[in-house]
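Secondary and tertiary structure notes
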Amino acid sequence: MNKINVVQYGCGKMSKYTMRYVHEKGAKIVGAFDINEKILGKDIGEIIEDGKKYKVKVQNAADFEKFLMSNEVDVVIVTTMSLLSDCEDVLLTCAKCGVNAITTCEEAFFPQNSNPKLFEKINELAIQNECTICGSGYQDVFWGNLISVIAGATHKITKIKGKSSYNVEDYGIALAKAHGAGLSAEEFEKEIAAADNISEAERKKIIKSGKFAPSYMWNVNGWLASKLGLTVIHQTQKCVPQIAKKAIKSTTLGMTIPKGACTGMSAVVTTQTKEGIVIESECIGKVYDSTEFDCNDWTVEGEPNTRVVVERPATVELTCASVVNRIPDVLMAPAGYFTTEYMPENFYKTQSLDKYVLEYVDDCCGGDDCCCHHHE
């Protein structure tokens, strides 16, 4: 195939990397969209900040569907919000237009266990119009495939325990607010924590309605269980505020968080499975002080015990590289909402992205049931 044509939807902090990585991997940004009036009309080179002119200007998101219908687009990268419901319109638009999409939306990584109603709605439309929708990013590798690979070297597993921290300053105001950054302890209890002080029956009812707000690890635990062939019988989450020990300035929130207020939160998700394996994962997202840094820490307990710790991961860049490296997999995946535990492990692309699509097609059977048939 020719160069892969990519549209960037959401031109904030993440797009600085996704758009540059797309071009450096031999694909091409052919369109860019946002709702922020301050950046509309800017050449994407101003967003990337590499001193180049790409002759592609940021357009109003209101014109997104029209653009997809009138231009040749292979895949859309969506870097906007964290909940699937917040990305509903853009993903449904892609599915309606028959255009593949991959998003950094954390819930989109495995939305079957948090918003099955919307998942199925997007899935049905994507199947109907022969395109693929999926979520990827940092969790795809560091909370997903890294753990499943370690599990593959383990004789017996009793528990998988993980903890990951990240600075919400790196991801924009929507994510920071979703973590309760800037709230008082009382406000956090009312607006964030109270949502989890419910029975399992109540939680199932909320999930079925499409109004559940999962922490990132809720979807990660579901992904891991699916990847490892485990049957989930019970899952809970608890959100705990992270309290500022001293005043901390937040450029993202545009405020100084006072001592005693919330800098963010820790969310612990515990999953019980029919096979007896427990998955307990924690993500800590907050405004960092000068002494803090990102860390990814996972242990597979059993025979033998294995622990892997990644200190100071470049979480933003790793997120964006994971998404861009996934593009050939998205183009070759079956139509529908296709989550990445069914895709090959993400790997480094030494050649331009289109070369991997060609290799896949050359090796493919090409029959009616072939998974790449809809992308010919």
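Computed from a predicted structure; not experimentally measured.

1. Brief notes about the packing of helix H6 (residues 138–151) against helix H10 (residues 216–227)
Contact geometry of H6 with H10 gives a least axis separation of 10 Å together with a crossing angle of 35°. Crossing hand, H6 versus H10: right-handed. From H6, Gln139, Asp140, Trp143, Gly144, Asn145, Ile147 and Ser148 reach across to H10, where they touch Tyr216, Met217, Val220, Trp223, Leu224 and Lys227. A per-class count over the contact of H6 with H10 returns 7 nonpolar, 4 polar and 2 charged.

2. So, the side chain of Thr340
Within the secondary structure, Thr340 is located in the loop between strand E15 (336–337) and helix H12 (353–363). Polar side-chain contacts of Thr340 include one of 3.1 Å to the side chain of Trp223. Setting aside its immediate chain neighbours within four residues, Thr340 contacts Phe109, Cys134, Gly135, Ser136, Asp140, Trp223 and Arg326.

3. Points about the packing of aromatic side chains
Under the counting rule described, the total for this entry stands at 12 aromatic pairs. Taken together, a centroid distance of 5.3 Å and an interplanar angle of 70° make the contact between Phe33 and Phe67 edge-to-face. Linking Phe33 in strand E2 (residues 28–34) with Phe67 in helix H3 (residues 64–70), this pair joins segments that are 34 residues apart in sequence. Ring centres 5.9 Å apart and planes at 45° place the aromatic pair Phe338 and Tyr342 in the tilted group. The rings of Tyr9, Phe33, Phe64 and Phe67 are connected pair by pair, giving a single aromatic cluster. Lying across the ring of Phe293, Arg312 places its NZ or CZ 3.8 Å from the centre. Lying over the aromatic face of Tyr356, Lys349 brings its terminal NZ or CZ to 5.9 Å of the ring centre.

4. Notes on the pattern of salt bridges
For the coordinates displayed, the defined rule picks out 14 salt bridges. For the salt bridge of Asp297 with Arg307, the shortest nitrogen-to-oxygen distance reads 2.5 Å. Of the two residues, Asp297 sits in strand E13 (residues 295–303) while Arg307 sits in strand E14 (residues 306–311), which places them 10 residues apart along the sequence. In this structure, a network of salt bridges that share partners links the residues Asp140, Arg326 and Asp329.

5. Considering the environment of Phe188
With respect to the helices and strands, the residue Phe188 is situated in helix H8 (residues 185–191). Since its relative accessible area comes to 0%, Phe188 is described here as buried. Between the C-alpha atoms of Phe188 and Ile133, which are 55 residues apart in sequence, the distance is 33 Å. With residues up to four places along the chain from it excluded, the contact list for Phe188 reads His179, Gly180, Leu183, Ala193, Cys239, Val240, Pro241, Cys262, Gly264 and Met265.

6. Thoughts on the sheet that holds E13
Across the sheet, which stays open at both edges, the 6 strands sit in the order E8-E11-E12-E7-E13-E14 with mixed pairing between neighbours. Edge positions in the open sheet fall to strand E8 (232–243) and E14, since each of these has one partner strand only. With strand direction ignored, the average angle separating the axes of adjacent strands in the sheet is 10°. In this sheet, strand E11 (residues 262–273) lies alongside E8 in antiparallel orientation, the contact comprising 11 bridges. Directly across from Lys238, in E11, lies its bridge partner Val268. Packing of H10 onto the sheet brings it into contact with strand E7 (156–167), E8, E11, strand E12 (278–286) and E13, and relative to E12 it is tilted by some 150°.

7. Side note on the sheet that holds E15
Strands belonging to one sheet form pairs held by backbone hydrogen bonds; the direction of such a pair is parallel or antiparallel. Spatially, the 7 strands line up as an open sheet ordered E3-E2-E1-E4-E5-E6-E15, and their pairing is parallel. Strands with a single pairing partner mark the edges of an open sheet, and in this sheet they are strand E3 (58–60) and E15. Bridge analysis of strand E1 (residues 5–9) against E2 gives 5 bridges, and the strand direction is parallel. In the strand pairing of E2, Val7 is matched with Gly31. The strands that helix H1 (residues 15–24) touches are E1, E2 and strand E4 (75–78); relative to E2, the one it contacts most, it runs at about 160°.

Rules behind the numbers
- Residues numbered from 1 in each chain as written.
- Predicted model: local features only at pLDDT ≥ 70, side-chain atom pairs only at ≥ 80, totals over all residues.
- Heavy atoms only, no water.
- Axes fitted to C-alpha atoms, helices over the stretch in contact; angles between N-to-C directions.
- Helix = DSSP H or I, 4+ residues; strand = E, 2+ residues; numbered from the N terminus.
- Left-handed = near helix turned anticlockwise from the far one by under 90°.
- Contact = heavy atoms within 4.5 Å.
- Nonpolar A, V, L, I, M, F, W, Y, C, P; charged D, E, K, R; others polar.
- Polar contact = N/O pair within 3.5 Å; in protein donor to acceptor, adjacent residues only side chain to side chain.
- Phe/Tyr/Trp six-rings, centres within 6.5 Å; stacked < 30°, edge-to-face > 60°.
- Lys NZ or Arg CZ within 6 Å of the ring centre and 35° of its normal.
- Salt bridge = Lys/Arg side-chain N within 4 Å of Asp/Glu carboxyl O.
- Buried < 20%, exposed > 50% of the residue type's maximum accessible area, 1.4 Å probe, protein only.
- Pairing = 2+ DSSP bridges.

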